[in-house]
Amino acid sequence: INIEYNVSYIYHALYAYFDRDNVALPGLAKFFKDGSLEERGHAELLMEYQNKRGGRVVLKNILMPEMEFANEAKGEALYAMELALSLEKLNFTKLRELHAVAAKHEDASMSDFLEGQLLEEQVESVKQVSEYVSQLRRVGKGLGVYQFDKELAEA
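So, a few notes on the structure that sits alongside this text. Quick caveat: nothing in here was measured; it's all calculated off a predicted structure. Counting starts from 1 at the beginning of each chain's written sequence and moves along it residue by residue. Thresholds applied to this predicted model are a pLDDT of at least 70 for local features of residues and 80 or more for the giving and counting of side-chain atom pairs; totals over whole chains, interfaces and linings are not thresholded and use all residues. Only hydrogens and water are set aside; all other atoms, that is, all heavy atoms of the structure, feed into the side-chain values.

**Concerning the packing of aromatic side chains**
So the rule is basically this: Note on ring pairs: Phe, Tyr and Trp rings are taken, using the six-membered ring of Trp, and paired if centres are within 6.5 Å. Classes follow the plane angle, with under 30 degrees stacked, over 60 edge-to-face and the rest tilted. A 1.4 Å probe rolled over the protein chains alone gives each residue an accessible area, and that area as a share of the maximum for its type sets the label: buried under 20%, exposed over 50%, partly exposed in between. Under the scheme used here, helices are H or I runs from DSSP no shorter than 4 residues and strands are E runs no shorter than 2 residues, and both carry numbers assigned from the N terminus.
Within this structure, the stated rule accounts for seven aromatic pairs. When the centroid spacing of 5.2 Å and the interplanar angle of 85° are considered together, the rings of tyrosine 17 and phenylalanine 18 count as edge-to-face. For the pair tyrosine 17 and phenylalanine 18, a shared accessibility class is recorded, and that class is buried. Residues phenylalanine 31 and tyrosine 132 carry aromatic rings whose centres are separated by 5.5 Å and whose planes lie at 75° to one another, so their mutual orientation is edge-to-face. In this pair, phenylalanine 31 is assigned in helix H2 (residues 26-52) and tyrosine 132 in helix H4 (residues 108-139), connecting sequence segments 101 residues apart. Summarising the burial analysis for this pair, phenylalanine 31 and tyrosine 132 share the class buried. The structure contains a cluster of three or more aromatic residues connected by ring pairs, namely Tyr11, Tyr17, Phe18, Phe31, Phe32, Tyr132 and Phe148.

See the structure below:
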């Protein structure tokens, strides 16, 4: 739950960054805003499931994300998308670890919940962001990022 909230918070910071008037990449802003809402939705799904099973939700502090994403060597779009890829992979790893605990304790309900609600979607997210990283590496900085952003906005 806490990891999902942290990822949501970082994505929200990325949304705010790309939405700024001096950055102005609306496709990336929309992508990260949508991602923030999705990750928060995952946290809420896990909370609802935990409550349904009689558990107690314990929220921890959310870490303050970096607010500047400019990167001279890679460009801000590639840097942000590589960050997103590492977060999606972390999320996937933590969900698999949770699934392993459920399997170890023969908790078929939890395993089914994770498989049906979260794991497949997480696989798709990792694949999509991986493709975006590859595309941004290919286009470089400048006009290529503008075109990538334009296509992302129309998707």
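**Notes on the pattern of salt bridges**
As a reminder, the rule being used: When a carboxyl oxygen of Asp or Glu lies within 4 Å of a side-chain nitrogen of Lys or Arg, that pair is called a salt bridge.
The full count for this structure, using the stated rule, is seven salt bridges. Note that lysine 127 and glutamate 131 form a salt bridge whose closest N and O atoms lie 2.2 Å from each other. Pair noted here: lysine 127 and glutamate 131 are both in helix H4, with a separation of four residues, about one helical turn. Given the relative accessible area of 49%, lysine 127 is considered partly exposed.

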